[in-house]
Amino acid sequence: MRNPISGFVLTALSAVLLGACSVQTGPDGGSAPAEYDRTTPNQQPVRQDFITPRVVTVADLPVADQASAPQPVPRSGVARPDGIIPEAQAAQLRAAAANLPPNPNIQVLASPEVDAGIGTNVPEILNGFDATEFFNSTPPDNEFTVGLNFVIGVTNGTFEILDKAGVSQSGAIDYDVFFASDPACAAGTFDPNAYYDEEEQRYIVGTAGAGVYCFAVSQSEDLTGGGVFNLYSFSTVQDGTDFFDFPHLGVGNEALFMGANMFRGGFDRADVWAIDKFAAYAGDPLPVPVRRTLDGTADTPQPMTIHGAAQGTLPEDNVHYLITDFNFNGDTFSVYAWDDPFGDNILTNTGAFDLAAFTGVSAGFPVDQPQLGGDDLQGNDFRPQDAEYRNGFLWMAHNLSCNPGAGTVNCVRWAQIDPNDGAGPIVLQSSVIAVDGEFLSFPDVGVNHCDDMTIGFTRTSTTTFPGAYIAGRLGDDPLNEIRPIQEVRAGQAPYRSFEAVPPRRWGDYSEATSDPDGIRTWFLGEYSSDSIAGSTNWATWVGEFSTDCDGGTVLAEEFFEDGFEALPVILR
């Protein structure tokens, strides 16, 4: 993402292309989507023209030469937007957060060095291996997806396809090289995404470009040797002053859904798109995606990704839910329902939910984070990080600052939400977790068929290097409770980066997800490496986890009355 706090740093090659966003056409000359009147509810956009795919065989691409890549330089001389709020306001909020009073409603966890959680580890760590490391860009913006036989880790700059034992199928592939056949995506890609469609068994990777969203879908489940992908791009701007930022995808029943923030100088609006996934999977010309604009209270739309195909617990209708910020205060969020986007196309804000009221913890703005022996790291802000669907419910996590007793630190809040069949969201459980004197940030959740949750995040402090950690809970644990923190990959050295002054870029997000088997969960986290030369030394690590969940195949009607109304699922 573009930094919501201060300057975004890119490769020298990318900087020029991102400097002037303009209206883009499809690769075949198809026109951009029509502009929409934000004051007209449920306006029906016109789907016009088609986007011709390009086909890429990963085995034909060169492996990224990370050792000899040119060192990046700070992006300069190009106008860039602030975050959702101006930097001066963010600085005031950070200063206020430094004086938060202690709050007894925070679940205070011990450092893993103090409490190893012996006998209580949930989930169990099964395996771990290195994924993509620093390649010419900061921050890594690491995301991740898991299919039946392969995993894909993506970062700003490169992605890598591996089997589930960690054996690379492709080597690190430069994102710009992967998308080079599409002129709109050939250079300057950023904010990468990775997803898996469990029902159709397809992998999806995506990224922002210069006024376009670029994405590719695998032609099959088999990524041996890297696989073959269909590539597409489509315009994301309504006029030449738009800047498109922080895109996140979600996998739905009939479509892929993408949401992003749009800037015109400052933050302007949040837009969402519905992409005909079946046309993309078939390699057919793609109808220009349907775009809608959310109301003025919303930012950072996170479309849900549905899980449960093998267990028969996918939603049964064509309503797709999205979680968004509500008024950007770190406490309130909204759920939107998008019904039949290629037909009746009804988009509804079903209501807001208040996590401060539920947890008893009001969000402080995230603060800069210390590390052992190095400069502070940015904590970014408190926008939502994800929206996972499992067994009829939505799961999310986000950053905030809080005071667990010994002073302000960055903390993690997670929640399970009942979308309530579109009648208005209900918070089922939520809590804020923190460690005195330590900083937890950039969380993401993965949930298996038994509602066992894994939450991954960064942990750093004055006595630790930044590294990847998890905590978890079983579906039948007491509501709102989290088990002890576990180390996935500890930081190895002070983190450095090429900004002119600290705080250093870190994050801007991570990725936890569930396996299609309904049992395992996975997390791609970031850590500071002691074996990377040059100006920046982030690396990513894949962790694989399990519980005693049964995860067996079941029939949907055992759990669903209609659509998203679900009964609790506990199988062991």
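Residues numbered from 1 in each chain as written. Predicted model: local features only at pLDDT ≥ 70, side-chain atom pairs only at ≥ 80, totals over all residues. Heavy atoms only, no water.

Caption draft 1: Molecular detail of the sheet that holds strand 7 (residues 143–146). Spatial strand order, 7-8-9-10: 4 strands in an open sheet with antiparallel pairing. Of all strands in the sheet, those bounded by a partner on one side alone are strand 7 and strand 10 (173–174). For strand 8 (residues 150–154) and strand 9 (residues 158–163), the ladder comprises 5 bridges, and the chain directions are antiparallel. Looking across to strand 9, one finds that F150 is bridged to D163. (Pairing = 2+ DSSP bridges. Helix = DSSP H or I, 4+ residues; strand = E, 2+ residues; numbered from the N terminus.)

Caption draft 2: Here's a closer look at the environment of V154. Structurally, V154 is set in strand 8. Here V154 falls in the buried class, since its relative accessible area comes to 0%. Expressed as a C-alpha distance, the spacing of V154 and I173, which sit 19 residues apart in the sequence, is 9.5 Å. Setting aside its immediate chain neighbours within four residues, V154 contacts D141, N142, E143, F159, Y175, P192, N193, A194, V205 and L524. (Buried < 20%, exposed > 50% of the residue type's maximum accessible area, 1.4 Å probe, protein only. Contact = heavy atoms within 4.5 Å.)

Caption draft 3: Quick peek at the state of the cysteines. Here the structure, examined in full by the defined rule, presents 3 disulfides. With a sulfur-sulfur separation of 2.0 Å, C402 is cross-linked through a disulfide to C411. Across the S-S bond linking C402 and C411, the dihedral sits near -100°, which makes this disulfide left-handed. Residue class for C411 comes out buried when judged on its relative accessible area of 0%. Each disulfide pairs two cysteine sulfurs, and for C450 the partner residue is C549, the sulfurs being separated by 2.1 Å. (Disulfide = S-S within 2.5 Å.)

Caption draft 4: How the structure looks around the environment of D325. Structurally, D325 is set in strand 22 (residues 319–326). Classification of D325 as buried rests on a relative accessible area of 0%. In this structure the C-alpha to C-alpha distance between D325 and T297, which are 28 residues apart in sequence, comes to 7.7 Å. With near-sequence residues (within four places) excluded, D325 lies in contact with T297, A298, D299, T300, T332, F333, S334, F382, R383 and P384.

Caption draft 5: Inspection of helix 2 (residues 87–97) at higher detail. Within helix 2, the full set of buried residues consists of A90, R94 and A97. The buried residues of helix 2 all sit within an arc of 60° when viewed along its axis, so they share a single face. Helix 2 presents A88 and Q92 as exposed residues on the side facing more than 90 degrees away from its buried surface. Those residues of helix 2 that are buried are in contact with strand 28 (393–402). (Arc of directions from axis to C-beta.)

Caption draft 6: Representation of the pattern of salt bridges. Counted under the stated rule, the structure contains 19 salt bridges. A salt bridge links D242 to R264; its shortest N-O distance comes to 2.4 Å. Within this pair, whereas D242 is found in the loop between strand 14 (228–235) and strand 15 (243–251), its partner R264 is found in strand 16 (residues 255–264), the two being separated by 22 residues in sequence. Taking relative accessible area as the criterion, R264 reaches 31% and is therefore assigned partly exposed. Its salt-bridge partner being R505, residue D508 comes within 2.7 Å of it at the nearest N-O pair. The class for D508 is buried, based on a relative accessible area of 1%. Each member of the salt-bridge network shares a partner with another, and the members are D239, D242, R264, D268, R269 and D271. (Salt bridge = Lys/Arg side-chain N within 4 Å of Asp/Glu carboxyl O.)

Caption draft 7: Representation of the nonpolar core within the structure. Membership of the largest hydrophobic core comes to 45 residues, with the highest contact counts inside it found for F215 and L256. The element best represented in this core is strand 16, accounting for 5 residues. In contact with L256, not counting residues within four places along its chain, are I204, F215, V217, L249, G250, V251, W273, A274, I275, K277 and Y281. (Core = buried A, V, L, I, M, F, W, Y, C linked by side-chain atoms within 4.5 Å.)

Caption draft 8: Inspection of the packing of aromatic side chains at higher detail. Using the criterion set out here, one finds 25 aromatic pairs in the structure. Site record: aromatic cluster; members linked through ring pairs are Y213, F215, Y232, F234, F244 and W273. Positioned above the aromatic ring of Y527, the side-chain terminus of R489 is 5.0 Å from the ring centre. (Phe/Tyr/Trp six-rings, centres within 6.5 Å; stacked < 30°, edge-to-face > 60°. Lys NZ or Arg CZ within 6 Å of the ring centre and 35° of its normal.)

Caption draft 9: Structural context of the side chain of D418. With respect to the element layout, D418 can be found in strand 29 (residues 409–418). Despite its burial, D418 remains without a salt bridge, the nearest opposite charge being carried by R390 at 15 Å. A distance of 2.7 Å separates a polar side-chain atom of D418 from the backbone nitrogen of N420. Setting aside residues no more than four positions away along its own chain, D418 makes contact with G392, F393, G424, P425, I426 and L428. (Lys, Arg positive; Asp, Glu negative; His and termini not counted. Polar contact = N/O pair within 3.5 Å; in protein donor to acceptor, adjacent residues only side chain to side chain.)

Caption draft 10: Highlighting empty space enclosed by the protein. All told, the structure shown has 8 cavities of 30 Å³ or more when counted by the stated rule. Taken as a whole, the largest cavity spans an internal volume of roughly 100 Å³. Lining of the largest cavity is provided by 14 residues; of these, T145, Y196, T305, H307 and T513 occupy positions nearest its centre. Looking at the lining of the largest cavity residue by residue, the class counts come to 6 nonpolar, 5 polar and 3 charged. In this structure, the second largest cavity occupies an estimated 80 Å³ of space. Taken together, 13 residues make up the lining of the second largest cavity; nearest its centre are Y195, L249, Q302, D386 and E388. Listing elements by their share of the lining of the second largest cavity, those giving two or more residues are strand 15 and strand 20 (298–303). Of the residues that constitute the lining of the second largest cavity, the class distribution is 4 nonpolar, 4 polar and 5 charged. (1 Å grid on protein atoms, 1.4 Å probe; cavity = no way out; pocket = protein on both sides within 12 Å on 5 of 7 lines; lining within 4 Å. Points joined across faces, edges and corners; volume = space filled by probe spheres on them. Nonpolar A, V, L, I, M, F, W, Y, C, P; charged D, E, K, R; others polar.)

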